[in-house]
Amino acid sequence: QVQLVESGGGLVQPGGSLRLSCLASGRTFSGYPMGWFRQAPGTELEFVTAISGNGATTYYTDSVKGRFTLSGDNAMNTMYLQMNSLKPEDTAVYYCASKAYGVGWYRSVGAYDYWGQGTQVTVSS
């Protein structure tokens, strides 16, 4: 059974940084499309970034380009989201997701088969 567990959220001041982790169990992290999404109170789940199944391509939504970086550690079976220059509008619950198969990258919520429980990120002074 595939399980994803996020960690690393917390409270940070505007302009600060956080690194989120997504530990995968039940299969390897690499070789499958994966992504990060977020959901602020009262809003729908929003795409943040994704990596293709072959690891060749990463894609970021415009609002986080240049500030967020997706990476992975195959040995640790973990995907990371490095978030710099955080803004109050980045406040949300962040979720990692994995697709059961595929080589491309996907920004649709419905494309993903496995989800973590989420980790809260709050950006406030």
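Residues numbered from 1 in each chain as written. Predicted model: local features only at pLDDT ≥ 70, side-chain atom pairs only at ≥ 80, totals over all residues. Heavy atoms only, no water.

Draft legend 1. Expanded view of the packing of aromatic side chains. Applying the stated criterion to the full structure yields 7 aromatic pairs. Here the aromatic rings of Phe37 and Phe47 are separated by 5.7 Å at their centres, their planes lie at 75 degrees, and the arrangement is edge-to-face. Of this pair, Phe37 sits in strand β4 (residues 34-39) while Phe47 sits in strand β5 (residues 46-51), and the two are 10 residues apart along the sequence. Phe47 sits in the buried class, given a relative accessible area of 6%. (Phe/Tyr/Trp six-rings, centres within 6.5 Å; stacked < 30°, edge-to-face > 60°. Helix = DSSP H or I, 4+ residues; strand = E, 2+ residues; numbered from the N terminus. Buried < 20%, exposed > 50% of the residue type's maximum accessible area, 1.4 Å probe, protein only.)

Draft legend 2. Geometry of the pairing of β4. Taken across its 6 residues, β4 has 5 buried, putting it largely inside the fold. Pairing between β4 and β5: 5 bridges, direction antiparallel. Counterpart to Trp36 in the pairing with β5 is Thr49. Bridging between β4 and strand β9 (residues 92-98) involves 6 bridges; their strand directions are antiparallel. (Pairing = 2+ DSSP bridges.)

Draft legend 3. Fine view of the state of the cysteines. Across all of its chains, the model carries 1 disulfide by this definition. One disulfide in the model links Cys22 with Cys96; its S-S distance is 2.1 Å. Between Cys22 and Cys96 the disulfide shows an S-S torsion of about 65 degrees. By sign, it is right-handed. Placement of Cys22 in strand β3 (residues 18-25) and of Cys96 in strand β9 is noted, with a sequence separation of 74 residues between them. In terms of burial, Cys22 and Cys96 fall into one category: buried. (Disulfide = S-S within 2.5 Å.)

Draft legend 4. Region of interest: the nonpolar core. Grouped together as the largest cluster of nonpolar side chains are 24 residues, with contacts concentrated most on Trp36, Phe68, Met79, Leu81, Met83 and Tyr94. Contributions of two or more residues to this core are made by β3, β4, β5, β7 (68-73), β8 (78-83), β9 and β11 (119-123). The element that contributes the greatest number of residues to this core is β3, accounting for 4 residues. For Met79, the contacting residues outside a window of four places in its chain are Leu20, Ser21, Cys22, Phe29, Met34, Gly35, Trp36, Leu70, Ser71, Gly72 and Cys96. Phe47, Ala50, Ala97 and Tyr112 belong to the second-largest nonpolar core, a separate cluster that totals 6 residues. (Core = buried A, V, L, I, M, F, W, Y, C linked by side-chain atoms within 4.5 Å. Contact = heavy atoms within 4.5 Å.)

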